Amino acid sequence: MERRDFLKGAAVLAVAPSLFDRAQAADDLPDVSSQLHTFPKDFLWGTATASYQVEGAVHADGRGPSIWDTFSHTPGKTYQGETGDVADDEYHLYKHDVALMSRLGVKGYRFSIAWPRIFPEGTGTPNPKGLDYYKRLLDQLQEAGIEPFCTLFHWDLPQVLQDKGGWASPATGRAFAYYAAYTVGQLSDRISHWMTINEFDSFIDAGYGSGEFAPGLRLPRRELMQTRHNAVLAHGLAVQAIRAAAKRPIKVGLAEDISGTMPAIDDEVHIRAAQIALREKNAPYMTVILEGKYTERYLRGLGADAPRFTPEDLKIISSPIDFLGINVYTTQEVIPADSEPGYLVVSRQASYPHMASDWLYINPQALYWTPKLVADTWGVRTLYITENGCSADDVIRPDGRVLDTDRIMYLRNYLTQLHRGISEGVPVRGYFLWSLLDNYEWTSGYSKRFGITYVDFQTETRTPKLSFDFYQHLIRTNAVV
Ligand code: BG6
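Here is what the cut-offs are and how they apply
- Residues numbered from 1 in each chain as written.
- Predicted model: local features only at pLDDT ≥ 70, side-chain atom pairs only at ≥ 80, totals over all residues.
- Heavy atoms only, no water.
- Helix = DSSP H or I, 4+ residues; strand = E, 2+ residues; numbered from the N terminus.
- Rg over C-alpha atoms; globule rule 2.2 N^0.38 Å.
- Buried < 20%, exposed > 50% of the residue type's maximum accessible area, 1.4 Å probe, protein only.
- Areas by Shrake-Rupley, 256 points an atom, 1.4 Å probe, with all protein chains shown as cover.
- Phe/Tyr/Trp six-rings, centres within 6.5 Å; stacked < 30°, edge-to-face > 60°.
- Near = heavy atom within 4 Å.
- Polar contact = N/O pair within 3.5 Å; in protein donor to acceptor, adjacent residues only side chain to side chain.
- Pairing = 2+ DSSP bridges.
- Axes fitted to C-alpha atoms, helices over the stretch in contact; angles between N-to-C directions.
- Salt bridge = Lys/Arg side-chain N within 4 Å of Asp/Glu carboxyl O.

1. So, the overall build of the protein chain
Right, so step 1: Secondary structure summary: the protein chain contains 20 helices and 13 strands in total.
Right, so step 2: In terms of overall size, the protein chain behaves like a compact globule, its C-alpha atoms giving a radius of gyration of 24 Å where 481 residues would be expected to give roughly 23 Å.
Right, so step 3: Its C-alpha atoms give the protein chain principal-axis dimensions of roughly 85 × 60 × 45 Å.
Right, so step 4: In the protein chain, which comprises 481 residues, the share counted as buried stands at 56%.
Right, so step 5: Surface accessibility of the protein chain: about 20500 Å² in total, with carbon and sulfur atoms responsible for 54%.

2. Topic: the packing of aromatic side chains
Right, so step 1: Enumeration according to the criterion identifies 49 aromatic pairs in this entry.
Right, so step 2: Judged by centre distance (4.8 Å) and plane angle (75 degrees), the ring pair of F39 and W45 falls under edge-to-face.
Right, so step 3: Of the residues examined, F39 reaches a relative accessible area of 3% and is grouped as buried.
Right, so step 4: An angle of 70 degrees between the planes, with centres 5.4 Å apart, marks the rings of F119 and Y182 as edge-to-face.

3. A look at unusual backbone geometry
Right, so step 1: Residue P215 follows A214 across a cis peptide bond; omega there is 5 degrees.
Right, so step 2: Residue position: P215 is located in the loop between α12 (205-209) and α13 (221-245).
Right, so step 3: A cis amide bond links W434 with the next residue in sequence, S435, at an omega value of 15 degrees.
Right, so step 4: The topology assignment puts S435 in the loop between β11 (428-433) and β12 (453-456).
Right, so step 5: Despite not being glycine, Q80 has its phi angle at roughly 50 degrees, a positive value.
Right, so step 6: Residue position: Q80 is located in the loop between α5 (67-72) and α6 (90-104).
Right, so step 7: The phi angle at A87 is positive, at roughly 45 degrees, despite the residue not being glycine.
Right, so step 8: With a relative accessible area of 3%, A87 lands in the buried category.

4. Remarks on the site of the ligand
Right, so step 1: Close to the ligand lie Q53, H154, W155, N198, E199, Y329, W359, E387, W434, E441, W442 and F450.
Right, so step 2: With respect to the ligand, the side chain of Q53 contributes an N or O atom lying 2.7 Å from an oxygen atom.
Right, so step 3: Separating an oxygen atom of the ligand from a side-chain N or O atom of W442 is a distance of 3.0 Å.
Right, so step 4: Within the complex, the protein chains bury 92% of what would otherwise be the 380 Å² of accessible surface of the ligand.

5. Side note on the sheet that holds strand β7 (residues 324-327)
Right, so step 1: In spatial order, the strands read β1-β2-β3-β4-β5-β7-β10-β11; together these eight strands close into a barrel with parallel pairing. Sheet twist, expressed as the mean angle between neighbouring strand axes with direction ignored, is 25 degrees.
Right, so step 2: Pairing between strand β4 (residues 193-198) and strand β5 (residues 251-256): four bridges, direction parallel. Paired with M195 across the strands is G253, a residue of β5.

6. Quick notes on the pattern of salt bridges
Right, so step 1: Here the structure, examined in full by the defined rule, presents 21 salt bridges.
Right, so step 2: Of the charged contacts in the structure, one is a salt bridge between R462 and D97, with a shortest N-O distance of 2.9 Å. With a gap of 365 residues between them, R462 in strand β13 (residues 461-464) and D97 in helix α6 connect regions that are remote in the sequence. In terms of burial, R462 and D97 fall into one category: buried.

Right, here's the structure in full:
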């Protein structure tokens, strides 16, 4: 027995080329390794931010209060009571930040418009001064040749609307469509790509379920389920309103932190299990938007707490979109299971590595599997990675530099996997790194740094980190190695 094994091993050794043979053979081969990691010529490299996280200037030019102003000023809600009152002061420093983007070499900037700057009262009379800020920003981007990708709602709901029930009331969805139509009517000459809403579960489940995010409510399950439904309906209404209001052909989508899944092992049964899990885990949001129906399992599981809706609602929710934005930070491994529902989402062991945020588990394959499964499951033809990046424990060294090699490690590995997918035909057209700057990270305040530029929040000084140089080089060469 032992001898047979030994012989088998020897046979394998005999046919496997030695290192020396391989090196010689490589001379005759084209240089495939660099080609393997080159992105398509028209691939759009960008960065992303959001209004409340970077703008500051919360009282400037007639901006009304948002739920995040109220929430962050409520004692005990955020890290050390920190607020977005000043944040990165991009409202005043936007020229500087666009110059930073130019230096980086990005071709796209994903930013969001603060609804309470445009409609301080949530709806009704618009505030031209609020709109003017975005016009100034857009002029600057245009001059720099950077394409704007605009999100209409990245969680800063006007407080007045929250006072009337917020997303728990269907009236907020109608107000959202009104705001979307007005804003698109004003800015569609300068912006081609519009996203309705950023990350449903973050502002609905965390805002109205666990109470961790603004407005900090813990609604009973039935009301929470209806609130989820109101939000996807609002998205659909806004898609229709945007199309009707646009002054020229534009592209409409959304940015969702899809609950990613991946096969623990790359075989057919695991891949199938990951695909089923993807549909179910995203049933309240992505699945209903893309399929026009809630999964049976979702509705059955909720029983009497299931949302009430009409067939007309489902049509509106699934109004066709032109592209899908997905925010991808991590994913979860899935294995097949014999019993219902046919899969098991594996909970992570304590030793699973994560970045500075304890939720940010490192799994580079997320950027391969999530876009791939989304495209395969729903036939999506145009995808953007609207957010990817990580927090790190950055420190300014005595020489003034921030050498964030852990962030570089994260980005390099994720982008290698993104390249793998694209080279297999996964239709990802662009990538927006979160984030250009360290910024106000919601309940984490300023304690978690996601930027490739270090921000001193006392002086607003910006210091590009080593990861900035890494990304700049990657964009310049259009390749990751
Ligand atoms: C995404 C959000 O979920 O993750 C961003 O769209 C956010 O706004 C980023 O900044 C990091 O999340 P967090 O919760 O750690 O600040």
